[in-house]
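Each chain is listed here by its residues.
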Amino acid sequence: MDIRKLQKIVVSALEDIKGKDIEVINTTKLTSMFDRLVIATGDSNRQVKALARNVQEKVREAGGEIVSVEGEDAGEWVLVDIGDLVVHVMQPAVRSYYNLEELWQVTPAQRRKLAEVAAGE
């Protein structure tokens, strides 16, 4: 399935269940493991689980395949691996703590440069 189509399906599925702060990060230049990272916030364990389930259902309905799902039992952070696209659905405190957006939006070269600047201070 085309990555843009898959991305639309995932974002739409998250919006259907009122996922908040949905962010899509293009990771093609950062890793060869996957092309897109989608991060969304759910307000409760129940909503996080519902968001992840809806993503799985919509992807399957469109003919896509779910590689794996992690964290559904607890519902604080659920990862849905769709191969070329990985979805992280998190509660606000977990999302703030791990700050995946910053981790995946900074290239390794930029990270080294930031570390060098911080070491020089």
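Residues numbered from 1 in each chain as written. Predicted model: local features only at pLDDT ≥ 70, side-chain atom pairs only at ≥ 80, totals over all residues. Heavy atoms only, no water.

Enquirer: Talk me through the overall build of the protein; I want residue IDs and the actual numbers.
Expert: Within the protein, the secondary structure is distributed over five helices and five strands. Reading the secondary structure of the protein in the N-to-C direction produces α-β-β-α-β-β-β-α-α-α. A compact globule built from 121 residues should have a C-alpha radius of gyration of about 14 Å, and the protein, at 15 Å, falls within 12% of that. Oriented by its inertia axes, the alpha-carbon framework of the protein measures out at about 50 × 30 × 20 Å. A burial count over the protein gives 38% of its 121 residues as buried. Summed over all atoms, the accessible surface of the protein reaches about 7300 Å², with 48% contributed by carbon and sulfur. Across the protein, 16 positive and 20 negative side-chain charges occur, with their mean positions spaced 4 Å apart. (Helix = DSSP H or I, 4+ residues; strand = E, 2+ residues; numbered from the N terminus. Rg over C-alpha atoms; globule rule 2.2 N^0.38 Å. Buried < 20%, exposed > 50% of the residue type's maximum accessible area, 1.4 Å probe, protein only. Areas by Shrake-Rupley, 256 points an atom, 1.4 Å probe, with all protein chains shown as cover. Lys, Arg positive; Asp, Glu negative; His and termini not counted. Charge placed at Lys NZ, Arg CZ, Asp CG, Glu CD.)

Enquirer: Go over the sheet that holds strand S4 (residues 77–81) with me, naming the residues and quoting the values.
Expert: One open sheet holds the five strands; their spatial order is S1-S2-S5-S4-S3, and the pairing between them is mixed. On the outer flanks of this sheet lie strand S1 (20–26) and strand S3 (68–70), each paired with one strand and no other. Between one strand axis and the next, the sheet turns by 10° as a mean value, whatever way the strands run. In this structure, strand S2 (residues 36–41) lies alongside strand S5 (residues 85–90), joined through six bridges in parallel fashion. Within S5, the position partnered with Arg36 by the bridge is Leu85. Sheet strands touched by helix H1 (residues 3–16): S1, S2 and S5. Its angle to S5, the strand with the most contacts, is close to 15°. (Pairing = 2+ DSSP bridges. Axes fitted to C-alpha atoms, helices over the stretch in contact; angles between N-to-C directions. Contact = heavy atoms within 4.5 Å.)

Enquirer: Account for the environment of Met90, naming residues and giving values.
Expert: Along the chain, the position of Met90 falls in strand S5. Among the residues examined, Met90 registers a relative accessible area of 1% and is labelled buried. C-alpha of Met90 to C-alpha of Glu72: the two residues are 18 residues apart in sequence and 11 Å apart in space. Setting aside chain neighbours within four positions, we find Met90 in contact with Ile39, Ala40, Thr41, Gly42, Val48, Glu76, Trp77, Arg95, Tyr98 and Leu100.

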